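Working through the structure, step by step
In case you want the letters, here they are:
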Amino acid sequence: MKIRVVQIWGFLMTVMGWIFIACSMAMEGWKIASVGGMGGSSIIKVAWHWSSLWRKCFTDSTAVTNCYDFPVLWSVEGHIQIVRGLLMAALSLGMLGFVLSLLGAECTYVGGKEMSKHKKIYAGGVCHIITGVLAASGYGVYAQYVSAEYVTPGPEGLQFDLGTPMFLGWVGSAFHSTGGFFYLWSVCKPLCGGTTCKAIIMYTP
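Right, let's walk through the structure included here. Along each chain, residues carry numbers from 1 onward, in the same order as the chain's sequence is written. Where totals are concerned, whole chains, interfaces and linings use all residues; where local detail is concerned, this predicted model gives features only for residues with pLDDT of at least 70, and gives and counts side-chain atom pairs only at 80 or more. With hydrogens and water stripped out, all remaining heavy atoms of the structure feed into the side-chain values.

Only runs of H or I of at least four residues qualify as helices and only runs of E of at least two qualify as strands under DSSP, and these elements are numbered from the N terminus. Looking only at helices and strands, the chain has four helices and five strands in total. Tracing the chain from N to C terminus, the helices and strands come up as α-β-β-β-β-α-α-β-α. Accessible area is worked out with a 1.4 Å probe on protein chains only. A residue is then buried under 20% of its type maximum, exposed over 50%, and partly exposed in between. Within the chain, the fraction of its 205 residues that count as buried is 35%. By definition in these notes, contact holds between two residues if any of their heavy atoms fall within 4.5 Å. When contacts within the chain are restricted to residue pairs at least 6 apart in sequence, long-range pairs at least 24 apart make up 64% of them. The accessible surface values rely on the Shrake-Rupley method and a 1.4 Å probe; as for residues, cover is taken only from the protein chains in view. Carbon together with sulfur atoms contributes 71% to the accessible area of the chain, which is approximately 11700 Å² in total.

Here it is in structure tokens:
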């Protein structure tokens, strides 16, 4: 497969992954719990408690929502600070990966000579892979906290389930890392193979 085609696939995968991760950070409903309904309260038939990285809300059956925005950074729960930090670091590193990948892409006319462009693509691919790992770790931290809440509910007795943003984020993490591997694959032969050939020629008697 041509280098250019592989790099285009890598670019598309990483762009989709970065967008998914960014959207998941802004979405509501990272964890959701329902109250009432079948066998529940006769006054409130169904109500939902849901939370995100930025606030937690309560919605009753009349669609009235009351929210509590999380306060400043240093007074937020520890696991939320960790998840925010991991995802923000992932998005920042992903942006660096985009810059390096565009400079080193075969279809662009910037970035220096051919070998220099290959090295930039390689570095960009590593950045994208690390981005996927950081993001997946952030979602894993949050999921572990939600599962612990489910097993041992708090005073309110709410058992939360994972919301849509979690799964969207995991898919984005997989896309990001896969795109990074595509970038590495595109320059593996020029970098590794070229070095091997030069070494053989140099030491040929």
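Let us look at the packing of aromatic side chains. Pairing of aromatic side chains here covers Phe, Tyr and the six-membered ring of Trp, requires ring centres within 6.5 Å, and sorts the geometry by plane angle: under 30 degrees stacked, over 60 edge-to-face, intermediate tilted. Applying the stated criterion to the full structure yields eight aromatic pairs. In textbook terms, an aromatic cluster arises when at least three aromatic residues are bridged by ring pairs, as seen for Trp30, Tyr139, Tyr142, Phe167 and Trp170.

The next thing to look at is the pairing of strand S4 (residues 65-69). For a regular strand, side chains alternate in direction, first toward one face of the sheet and then toward the other. In this sheet, S4 lies alongside strand S3 (residues 55-59) in antiparallel orientation, the contact comprising five bridges. If you follow Lys56 over to S4, its bridge partner there is Tyr68. Following DSSP output, two strands are said to pair if at least two bridges run between them.

Any link to function would need more than the numbers given here.
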